[in-house]
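# Report on the structure
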Amino acid sequence: MENIRVRFAPSPTGALHIGGIRTALYNYLLAKKFGGTFILRIEDTDQTRYVPGAEAYIIESLRWAGIVPMEGPGFGGAYGPYRQSDRKEIYLEYAQQLVDNGHGYYAFDTPEELDAVRKADENFKYDSKTRLKLKNSLTLSTEEVKRRLNAEEPYVIRLKVPEDQNILIQDLVRDEVSFQSNELDDKVMLKGDGMPTYHLANVIDDRLMKITHVIRGEEWLPSTAHHVLLYRAFGWETDMPRFAHLPLILKPDGKGKLSKRDGFRLGIPVFPISWNGETPEDSFIGFREFGFDPRAMVNFMAFMGWNPGTEQEIFSMDELAEAFTVEKIGKSGARFDFDKAKWFNQQYIMATPDADLAKTVRPIIEAHGHQPAEDFLRSFVGMMKERVILFPDFWTNGAYFFEDFTVFDEATIRKKWKAEGSRAIFAPLVEQLEALSDYTATSVQTCVEAFTANAGLKFGDVLPILRVGLTGTMKGPAVFDMMALLGKAESRRRLERAFDLFDKVS
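These numbers come from a predicted model, not from an experiment.

Next up on the list: the overall build of the protein chain. Regarding its fold elements, the protein chain presents 21 helices and 11 strands. Computed over the C-alpha atoms, the radius of gyration of the protein chain is 32 Å, more than 25% above the 23 Å expected from 2.2 N^0.38 for a compact globule of 506 residues. Seen through its principal axes, the protein chain has C-alpha atoms that stretch 110 × 50 × 35 Å. A burial count over the protein chain gives 49% of its 506 residues as buried. A separation threshold of at least 6 residues defines the contact pool for the protein chain, and within that pool the share at least 24 residues apart is 71%. Surface summary for the protein chain: the accessible area is close to 23,300 Å², and the carbon and sulfur share equals 50%. The average position of the 63 basic charges and that of the 74 acidic charges among the side chains of the protein chain differ by 2 Å.

This is the structure:
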């Protein structure tokens, strides 16, 4: 295949929505599959919407997800600059070409004049039917146009959309899409501040950066008609990139497009990493801070519109790239199933080696004031990894490994413990455990089994006392494994403390 060059081109206007991560991922996978190049381009031509810190946020999000650009701001590359605000002179040259070759024109209409026209006709569109009634270089004399330009009067450059043309787009996802030019307006290409609009900058940059495939959200599909007209105007139509417009990501209930407000409303992440805005309503928690492994998020996002056509669900990035084809992207919207996202995360946690998992979990435990030894922490995550879904669950579900419980399962204790006799029964077991020379899960289990048989008890009488006594709950890893990890002295201390508590509630 040709030398694939694809780009992810976000605007630095705030936090990067999870849909942007999916777009970046699909571009990245196509490049990776064919040994091509994945480019990050910052589309910051709308300076009124620029948000400080947004570009750094975008780059950090991509790095965390493992979707690392090969060219872009901070990544090098031979086709820069990669920020559109640094390419202003390039766009001016091509905008002038549009005017010179008759495919564009100067428009001197003021915002107030256009507002008046729109008030008079709510269906007004600046197009082939109205352009000759307005103040532009198509209606003004050559001398008058020169005078206005020399006087530095404000103007924009508009694309002169031709009449009665059928614009066909062969979309890799949606097949053939057709537009009628008479339905299109003469969009602004160069704004009054000398900056290009998205449409001009997008086409020029894709051409100069040798982009072969444009993979983007379906909201950009209507704009593609104007882009094709620009390619025609510059004589580049035969070398246009191939287009693929991705389906919407839908709300968890499947009703409507997923928005950033849905995350705030539902208490779920819809951004890769957290964003701190000026207000709580503009601040969002990310997948990273929520407790997701980036590999799980990527795996989940890959399935938001694409399917390999097999039963396999767990894919490494390399496996995704090998299996990925644009043709297997669906047309229908993909529901944001957060429960499925958590399932992916659970699978990745369970499959992660304990040593690697311990590195991720350590900061969570240390944030609660504990500095566990490495061996202890590795054993802890090994015991808990099948009992958690998100990284914070290691603490939420396993805090009792590091500190005494403050509440416990009183209902179970009331059934199993009698203040007037149970301590006398269980005290010998504590002594027998203390006497073990080899305090392992196996030796502890053998000791408890012998005690249970000799005391004429059942395991159902003994294990709940040990489990609640150690942890406060009936949930958790195997009792004997926990006792071995906690050690002889700590296990005894906990049980004796628990017996005092049990006496008070039974």
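A few words now on the packing of helix α17 (residues 422–434) against helix α18 (residues 441–454). Running from N to C, α17 and α18 cross one another at 150°; their axes reach a closest spacing of 10 Å. Considering their axes alone, α17 and α18 lie roughly antiparallel with respect to each other. Crossing hand, α17 versus α18: right-handed. Of the residues in α18, those touching α17 at I425, F426, L429, Q432 and L433 are V444, C447, V448 and F451. Looking at the contact of α17 with α18 residue by residue, the class counts come to 8 nonpolar, 1 polar and no charged.

Pairing is antiparallel in the open sheet, where 3 strands are placed in the order β3-β4-β7. The outermost strands of the open sheet, each flanked by one partner alone, are β3 (104–107) and β7 (188–190). Adjacent strand axes in the sheet meet at a mean angle of 45°, parallel and antiparallel pairs treated alike. Where strand β4 (residues 156–159) lies against β7, 2 bridges are found, and the strand directions are antiparallel. Bridge pairing links I157 to L190 in β7.

A few words on the nonpolar core. The biggest cluster of nonpolar side chains holds 64 residues, and the ones touching the most others in it are L25, I67, F287, M297, M301, V326 and F336. When residues in this core are grouped by element, the largest group, 9 residues, is from helix α1 (residues 18–33). Discounting residues that sit within four places of it in the chain, F336 has contacts with I18, I249, L250, K251, P252, L258, I268, P269, V270, F287, F300 and M304. Counting residues in hydrophobic clusters, the runner-up holds 37 residues, among them V99, I157, V161 and V228.

This part covers empty space enclosed by the protein. Counted under the stated rule, the structure contains 1 cavity of 30 Å³ or more. Of the pockets and cavities examined, the largest cavity occupies roughly 50 Å³. Lining the largest cavity we find V430, L433, E434, Y439, M483, K488, S491, R492 and L495. It is helix α21 (residues 488–505) that contributes the most residues to the lining of the largest cavity, 4 residues altogether. Split into classes, the residues belonging to the lining of the largest cavity amount to 5 nonpolar, 1 polar and 3 charged.

Approximately 1,400 Å³ is the volume found for the largest pocket. Taken together, 47 residues line the largest pocket, and the ones lying closest to its centre are S11, T13, A15, L16 and H17. Of all the elements in the fold, those that place two or more residues in the lining of the largest pocket are β1 (5–8), α1 and β8 (213–217). For the lining of the largest pocket, the element with the highest residue contribution is α1, accounting for 4 residues. Of the residues contributing to the lining of the largest pocket, the split by class is 20 nonpolar, 13 polar and 14 charged. If you list the elements that add at least two residues to the lining of the second largest pocket, you get α4 (111–120) and β4.

Relative to the 18 Å expected for 13 residues at 1.5 Å per residue, helix α13 (residues 354–366) spans 17 Å between its end C-alpha atoms, a close match to the ideal helical length. Those residues of α13 that fall on the buried side of the exposure criterion are L357, A358, V361, R362 and I365. Elements that come into contact with the buried residues of α13 comprise α12 (338–351), α14 (374–384) and α15 (393–398).

For the rest of this paragraph, the subject is the pattern of salt bridges. Applying the stated criterion across every chain yields a total of 44 salt bridges. Sharing partners across several salt bridges, the network here consists of R7, R41, E43, R87, D205 and D206.

With that out of the way, let us pick up the packing of aromatic side chains. Using the criterion set out here, one finds 43 aromatic pairs in the structure. Between F287 and F336 the ring centres are 6.3 Å apart and the planes differ by 85°, which places this aromatic pair in the edge-to-face class. With F287 in helix α9 (residues 287–290) and F336 in the loop between β11 (334–335) and α12, the pair connects residues that are 49 residues apart, well separated along the chain. On the basis of relative accessible area, F287 is assigned to the buried category, the value being 0%. F336 gets classed as buried once you look at its relative accessible area, which sits at 0%. Judged by centre distance (4.9 Å) and plane angle (75°), the ring pair of F380 and F402 falls under edge-to-face. One end of the pair, F380, is in helix α14; the other, F402, is in the loop between α15 and α16 (410–416), with 22 residues separating them in the sequence. Of the residues examined, F380 reaches a relative accessible area of 0% and is grouped as buried. Sitting over the face of the ring of F108, R148 holds its NZ or CZ atom 5.4 Å from the ring centroid. One Lys or Arg, K340, reaches over the ring of W343 and ends 4.2 Å from the middle of that ring.

Rules of the game
Residues numbered from 1 in each chain as written. Predicted model: local features only at pLDDT ≥ 70, side-chain atom pairs only at ≥ 80, totals over all residues. Heavy atoms only, no water. Helix = DSSP H or I, 4+ residues; strand = E, 2+ residues; numbered from the N terminus. Rg over C-alpha atoms; globule rule 2.2 N^0.38 Å. Buried < 20%, exposed > 50% of the residue type's maximum accessible area, 1.4 Å probe, protein only. Contact = heavy atoms within 4.5 Å. Areas by Shrake-Rupley, 256 points an atom, 1.4 Å probe, with all protein chains shown as cover. Lys, Arg positive; Asp, Glu negative; His and termini not counted. Charge placed at Lys NZ, Arg CZ, Asp CG, Glu CD. Axes fitted to C-alpha atoms, helices over the stretch in contact; angles between N-to-C directions. Parallel < 35°, antiparallel > 145°, perpendicular 65-115°, else oblique. Left-handed = near helix turned anticlockwise from the far one by under 90°. Nonpolar A, V, L, I, M, F, W, Y, C, P; charged D, E, K, R; others polar. Pairing = 2+ DSSP bridges. Core = buried A, V, L, I, M, F, W, Y, C linked by side-chain atoms within 4.5 Å. 1 Å grid on protein atoms, 1.4 Å probe; cavity = no way out; pocket = protein on both sides within 12 Å on 5 of 7 lines; lining within 4 Å. Points joined across faces, edges and corners; volume = space filled by probe spheres on them. Expected span 1.5 Å × (residues − 1). Salt bridge = Lys/Arg side-chain N within 4 Å of Asp/Glu carboxyl O. Phe/Tyr/Trp six-rings, centres within 6.5 Å; stacked < 30°, edge-to-face > 60°. Lys NZ or Arg CZ within 6 Å of the ring centre and 35° of its normal.

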